[in-house]
Amino acid sequence: MSLLKTKLNRRKFLAYSGGTLAAGAMASKFSTIKAVASEHSSQSNSTESKNVPSACAICVNMCSLFADVKDGVIHKLNPNHNFFKSRSMLCARGNAGAKVPYDPDRLKKPLIRAGERGEGKWKEVSWEEAYDYIVKNVMKLIDKYDNRSSIAFASTEGLQEEFFRHLTSIVGSTNSVRHPTLCLASNIQGYSSVFGTFPDADIANAKFVVMAGSNRAEAFITPDTIDLAKNHKEQTFVYLDPRATKSTALADKWFPIKPGTDMAVVLAMINIIISENLYDKEFVDKYTHGFKELANHVKQYTPEWAAKESEVPASEIKWMARKFAENAPASVWYPGRRSSFTANDVYYRRACGILNAVVGAWDRKGGLIPKSGISLKSHEFIFPLYDRVKNRIDGGKVDFAGEVLPEYIKSNKGMPKDKVAYLSESDGSWVLFRDAILKQKPYPVKGMFIYKQNPVESIPNRAKTIEMLKSMEFTCAIDIQMSDAAWYADVVLPESTYLERWDPAHNYGGAAPIVLFRKQAIKPLFDTKPMKDITVDLAERFLKEDDFWTDAWEEDKGYLQEYVDTFKNNSMEKIIEHQVSGHPGAFKMLMEKGCFYETDKIPYGQTLKEGARLKTKSGKIELASVRYPEAGLHALPVYQKPSEAPEGKYRFVVGRHAQFTQANTQNVPYLLEAYGHYENMLWIHPKSALKQGLNDGDYAIVKSSVGEQKVKVHVTEYTRPDTVFYLHGFGRLSKWLSNIYKVGASDAEILEDYAETISGNALLHETFVEIKKA
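### Focus on the overall build of the protein
Stage number 1. Scanning the protein for helices and strands turns up 23 helices and 29 strands.
Stage number 2. Expected size for 774 residues packed as a compact globule is a radius of gyration near 28 Å; at 26 Å, the protein falls within 12% of this value.
Stage number 3. For the protein, buried positions account for 63% of its 774 residues.
Stage number 4. When contacts within the protein are restricted to residue pairs at least 6 apart in sequence, long-range pairs at least 24 apart make up 76% of them.

Right, dumping it as structure tokens:
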């Protein structure tokens with residue numbers, strides 16, 4: 001089936017997503033945006049009307065689009081019908097991106113702190129002054145601590161992030177930390193331990209879909225969100241979540257599962273499938289390792305036992321297992337994207353992968369599909385090697401690693417207590433990383449560069465993150481808005497928005513890979529620069545500083561000069577042309593169609609061909625892991641009963657809404673209007689509200705061991721009595737986020753900072769709170 005033909009009516013999609021923008025919503029909050037756009041239209045000498053290929057930067061989907069530009073002003077963003085991953089759609093967030101360059105709250109010039117850190121006093125400076133300030137402080141820290149790794153680099157994904165990573169190498173630090181351990185690190189680790197890769201789900205062709213905690217109707221992932229909305233009448237969709245989110249409206253069955261018990265249901269389903277001989281024997285014999293061990297292991301996990309753990313009826317668990325096997329290989333226990341729920345998350349994700357494997361729902365139509373990619377050429381650079389460098393602070397043996405584990409999991413022998421078993425050297429583990437900085441173990445880290453990420457609002461325990469930022473002797477933030485992290489920085493560099501710059505080609509890997517890029521739609525409206533230019537400018541500055549090179553090899557300056565020359569002497573257009581030069585016609589297709597692909601069809605069965613090997617130690621699908629026992633971990637998923645809520649407390653869970661991307665878009669007035677509220681609200685069950693003396697519309701104090709927040713109450717039966725929730729990204733500390741500054745409640749303020757020690761992922765469902773009327 002051609003994925004280009006898998007489309008959804010626009011009106012229907014917006015209805016599903018809750019993304020319709022009210023026509024009369026352009027009130028006072030939008031007048032300033034209109035004024036900025038109008039001002040720049042009058043300043044433009046262009047009368048040209050053009051459609052410029054680009055890609056959205058509002059969320060991880062990076063949907064390809066065309067910018068409708070008239071008189072030098074972006075009037076509208078249109079979906080790219082050639083980009084099959086988005087199914088010819090652009091969501092409410094993507095549409096709102098047209099106004100990002102004209103946001104009055106955006107950063108417009110470089111800034112240097114002029115008061116106390118976090119006080120909000122800034123001085124506008126030139127780029128030259130900002131660079132002088134940065135270079136001076138970087139060299140001061142390296143000399144003071146005799147260690148380039150005394151400076152940390154934090155970032156999140158994007159098409160310019162590679163240039164920030166280059167800056168890390170130029171400075172010479174080993175301490176980089178990225179977003180995955182606040183997101184899907186445990187998910188990737190769990191599925192990869194089974195299949196050697198983190199797969200996609202073929203939702204478009206699946207007949208039976210189970211989603212547990214993946215709220216695809218609101219937390220958009222293309223094409224899955226669209227395919228689920230389009231196909232839910234033709235497929236059976238089962239949804240497990242302690243809350244009735246908008247995904248529940250699409251589901252055939254919803255089970256308000258007890259948080260932290262999902263693995264019990266999965267293991268019981270595997271038990272039923274094996275004990276009733278519903279598994280794909282031919283597939284298991286040929287492609288898997290460890291089936292006998294698995295069959296013996298899951299005998300203990302009966303549906304009746306799982307029902308007591310999860311509060312999902314045993315009859316329903318049996319029904320799910322039988323239907324899952326009956327519809328295989330077109331059955332999917334959905335991998336999701338964000339994980340980081342509870343301490344057994346890696347083992348839970350392993351169990352999900354195993355469930356798909358035993359029914360043969362791997363690399364076949366309607367099942368889990370391995371990702372593939374389109375190879376792109378890169379410019380080969382050699383970055384300097386320095387002597388004054390130490391190993392990363394959260395790698396190897398970490399004597400305080402056990403401290404980040406919840407108490408109930410510490411007795412589990414399959415959970416490391418002195419390290420992260422499979423730490424990504426580029427991503428790190430945010431919770432451990434921050435603790436190492438605060439403890440100054442194994443050495444002090446006193447400088448930090450932050451690109452696009454907002455650790456103040458994204459890492460559990462906000463007070464501790466602020467303490468970390470205040471402990472820094474130098475912090476540089478690079479962003480398009482004054483995030484909460486930028487608010488605590490010493491110097492803030494304004495990046496050009498994604499519509500004001502060229503971005504390199506990017507291989508968007510998946511079941512059917514595709515390449516996208518960004519072409520500049522409009523010239524920068526203010527004194528801003530893309531990350532590429534910032535890195536090249538700073539590299540030139542470091543080249544001029546002889547003292548910067550005292551611990552480098554003689555030829556290293558020459559290597560860095562080659563890097564600078566490459567990007568100063570070649571336009572981004574030329575760089576993109578080089579990237580895709582291995583594919584005849586690709587550059588032309590990119591420029592004309594906004595994306596490049598070799599096929600729009602999923603190449604099923606590549607890993608099932610004779611002689612194919614998976615990237616596991618055995619080369620097969622590992623039902624029983626070969627390498628896990630070597631690292632002191634369980635070969636098979638072992639269920640660990642989660643903690644019960646202490647008397648008078650409730651488990652706090654996190655979630656997303658269709659209008660907001662993590663903590664990035666809450667300040668966009670269009671999206672606030674589409675959300676329908678100007679603050680987030682505490683979801684609490686009527687029984688629990690009655691017990692606490694709360695009525696709908698009251699304000700409550702939500703308190704954990706690390707912080708408290710005041711939040712408006714929403715009494716609803718759409719959550720379990722033992723579970724409460726409010727939306728992420730509100731209650732902000734940066735005054736320059738004018739629409740949400742101190743509006744609503746921050747979940748980062750109350751979330752306790754636990755992590756699991758297999759992948760290093762933060763645990764966002766291990767916090768219990770007490771609630772009282774404000």
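There's more to say after this.
### Let's talk about the sheet that holds strand 5 (residues 122-124)
Stage number 1. Reading across from one edge, 5-4-17-16-15-6-7 is the order of the 7 strands in this open sheet, with mixed pairing throughout. Strands with a single pairing partner mark the edges of an open sheet, and in this sheet they are strand 5 and strand 7 (176-178). Averaged over neighbouring strand pairs, the angle between their axes works out to 20 degrees when direction is ignored.
Stage number 2. As paired elements, strand 16 (residues 474-479) and strand 17 (residues 491-494) share 4 bridges and run parallel to each other. Bridge pairing in strand 17 links alanine 477 to valine 492.
Stage number 3. Strands in contact with helix 4 (residues 127-145) are strand 4 (111-113), strand 6 (151-155), strand 15 (447-451), strand 16 and strand 17; relative to strand 17, the strand with the most contacts, it is inclined by about 130 degrees.

### Looking at helix 16 (residues 462-471)
Stage number 1. Of the residues making up helix 16, those classed as buried are Arg462, Thr465, Ile466, Met468 and Leu469. End-on, the buried residues of helix 16 take up no more than an arc of 155 degrees, which puts them together on one face.

### Some thoughts on the pairing of strand 16
Stage number 1. Taking burial as the measure, the 6 residues of strand 16 include 6 buried ones, the bulk of the element.
Stage number 2. Side-chain alternation along strand 16 places Phe474, Cys476 and Ile478 on one buried face and Thr475, Ala477 and Asp479 on a second face that is also buried.
Stage number 3. One ladder, built from 5 bridges, connects strand 15 with strand 16; its direction is parallel. Across the sheet, residue tyrosine 451 finds its bridge partner in strand 16, namely isoleucine 478.

### Examining the pattern of salt bridges
Stage number 1. As enumerated under the stated definition, the model contains 53 salt bridges in all.
Stage number 2. For aspartate 143, the salt bridge goes to arginine 388, with nearest N and O atoms at 3.3 Å. Of this pair, aspartate 143 sits in helix 4 while arginine 388 sits in the loop between strand 14 (368-369) and helix 14 (430-439); the two residues are 245 residues apart in sequence, bridging distant segments of the chain.
Stage number 3. Given a relative accessible area of 44%, aspartate 143 falls into the partly exposed group.

### Brief notes about the environment of proline 384
Stage number 1. Note on placement: proline 384 falls in the loop between strand 14 and helix 14.
Stage number 2. Taking relative accessible area as the criterion, proline 384 reaches 7% and is therefore assigned buried.
Stage number 3. Along the primary structure proline 384 and glutamate 555 are separated by 171 residues, whereas in three dimensions their C-alpha atoms are 8.4 Å apart.
Stage number 4. Excluding residues that lie within four positions of it along the chain, proline 384 makes contacts with Ser169, Trp549 and Asp556.

### Digging into the pairing of strand 19 (residues 514-518)
Stage number 1. Burial of strand 19 is extensive: 5 of the 5 residues sit out of reach of the surface.
Stage number 2. Neither face of strand 19 is left uncovered, since the one carrying Ile514, Leu516 and Arg518 and the one carrying Val515 and Phe517 both have all their residues buried.
Stage number 3. Relative to strand 19, strand 18 (residues 503-508) runs antiparallel, the two being bridged by 4 bridges. Of the residues in strand 19, the one forming a bridge with histidine 506 is leucine 516.
Stage number 4. Between the antiparallel neighbours strand 18 and strand 19 lie 5 residues.

### Notes on the packing of helix 5 (residues 161-171) against helix 19 (residues 556-569)
Stage number 1. In the contact formed by helix 5 and helix 19, the axes pass within 12 Å of each other and the chain directions differ by 160 degrees. Taken together, helix 5 and helix 19 sit at an angle that is classed as roughly antiparallel. Along this stretch, helix 5 crosses helix 19, giving a crossing that reads as left-handed. On helix 19, the residues touching Phe163, His166 and Ile170 of helix 5 are Leu560, Tyr563 and Phe567.
Stage number 2. Per-class residue counts for the contact of helix 5 with helix 19 are 5 nonpolar, 1 polar and no charged.

### A few points about the nonpolar core
Stage number 1. In terms of nonpolar packing, the biggest core is built from 87 residues, with Ile74, Leu77, Ile134, Val138, Phe449 and Leu493 touching the most fellow members.
Stage number 2. Considering each element in turn, this core owes the most residues, 9 residues, to helix 4.
Stage number 3. Core analysis: the next-biggest nonpolar cluster, separate from the first, contains 84 residues, Val266, Val284, Val346 and Ala624 among them.

### A closer look at the environment of serine 704
Stage number 1. Take serine 704: it is sitting in the loop between strand 24 (699-703) and strand 25 (708-715).
Stage number 2. What makes serine 704 buried here is its relative accessible area of 9%.
Stage number 3. Expressed as a C-alpha distance, the spacing of serine 704 and threonine 767, which sit 63 residues apart in the sequence, is 7.2 Å.
Stage number 4. A polar side-chain atom of serine 704 sits 2.6 Å from the main-chain carbonyl oxygen of isoleucine 750.

### Focus: the packing of aromatic side chains
Stage number 1. Throughout the structure, instances matching the rule amount to 35 aromatic pairs.
Stage number 2. Plain terms: the ring middles of tyrosine 279 and phenylalanine 291 are 4.6 Å apart, the flat faces sit at 35 degrees to each other, and that makes the pair tilted. Residue tyrosine 279 is found in the loop between helix 8 (262-275) and helix 9 (281-287), and its partner phenylalanine 291 is found in helix 10 (residues 291-297); the two are separated by 12 residues along the sequence. There is no split in this pair, since tyrosine 279 and phenylalanine 291 are both buried.

### Comments concerning the packing of helix 8 against helix 11 (residues 303-310)
Stage number 1. Running from N to C, helix 8 and helix 11 cross one another at 170 degrees; their axes reach a closest spacing of 9 Å. Between helix 8 and helix 11, the angle is such that the two are roughly antiparallel. For the pair helix 8 and helix 11, the crossing hand works out as left-handed. Taking contact as the criterion, the partners of Ala264, Val265, Ala268 and Ile272 in helix 8 are, on helix 11, Pro303, Trp305, Ala306, Glu309 and Ser310.
Stage number 2. For the contact of helix 8 with helix 11, the per-class residue count stands at 7 nonpolar, 1 polar and 1 charged.

### Concerning the side chain of serine 214
Stage number 1. When you line up the elements, serine 214 lands in the loop between strand 9 (208-212) and helix 7 (224-231).
Stage number 2. Excluding residues within four positions of it along the chain, serine 214 makes contact with Tyr239, Ser247, Tyr334 and Gly336.

### Structural notes on the sheet that holds strand 11 (residues 253-255)
Stage number 1. A sheet is described by the order of its strands in space; here 4 strands give the open sequence 11-10-9-13, paired in parallel fashion. Unpaired on one side and paired on the other, strand 11 and strand 13 (331-333) mark the two borders of the sheet. Across this sheet, the average inter-strand angle for adjacent strands is 10 degrees, counted without regard to direction.
Stage number 2. Pairing analysis gives 3 bridges linking strand 10 (residues 236-240) to strand 11, with the strands arranged parallel. By the bridge assignment, leucine 240 is partnered in strand 11 with phenylalanine 255.
Stage number 3. Contacts between helix 12 (residues 314-327) and the sheet are confined to strand 9, strand 10, strand 11 and strand 13, with strand 9 contributing the most and set at about 135 degrees to the helix.

### Description of helix 11
Stage number 1. Pro303, Ala306, Ala307, Glu309 and Ser310 are the residues of helix 11 that are buried. Looking down the long axis of helix 11, one finds its buried residues gathered within 165 degrees of arc, a one-sided arrangement.
Stage number 2. The inward-facing, buried residues of helix 11 contact helix 8 and helix 12.
Stage number 3. Looking at the residues trailing helix 11, positive phi occurs at glutamate 311, about 65 degrees.

Conventions adopted
- Residues numbered from 1 in each chain as written.
- Predicted model: local features only at pLDDT ≥ 70, side-chain atom pairs only at ≥ 80, totals over all residues.
- Heavy atoms only, no water.
- Helix = DSSP H or I, 4+ residues; strand = E, 2+ residues; numbered from the N terminus.
- Rg over C-alpha atoms; globule rule 2.2 N^0.38 Å.
- Buried < 20%, exposed > 50% of the residue type's maximum accessible area, 1.4 Å probe, protein only.
- Contact = heavy atoms within 4.5 Å.
- Pairing = 2+ DSSP bridges.
- Axes fitted to C-alpha atoms, helices over the stretch in contact; angles between N-to-C directions.
- Arc of directions from axis to C-beta.
- Salt bridge = Lys/Arg side-chain N within 4 Å of Asp/Glu carboxyl O.
- Parallel < 35°, antiparallel > 145°, perpendicular 65-115°, else oblique.
- Left-handed = near helix turned anticlockwise from the far one by under 90°.
- Nonpolar A, V, L, I, M, F, W, Y, C, P; charged D, E, K, R; others polar.
- Core = buried A, V, L, I, M, F, W, Y, C linked by side-chain atoms within 4.5 Å.
- Polar contact = N/O pair within 3.5 Å; in protein donor to acceptor, adjacent residues only side chain to side chain.
- Phe/Tyr/Trp six-rings, centres within 6.5 Å; stacked < 30°, edge-to-face > 60°.

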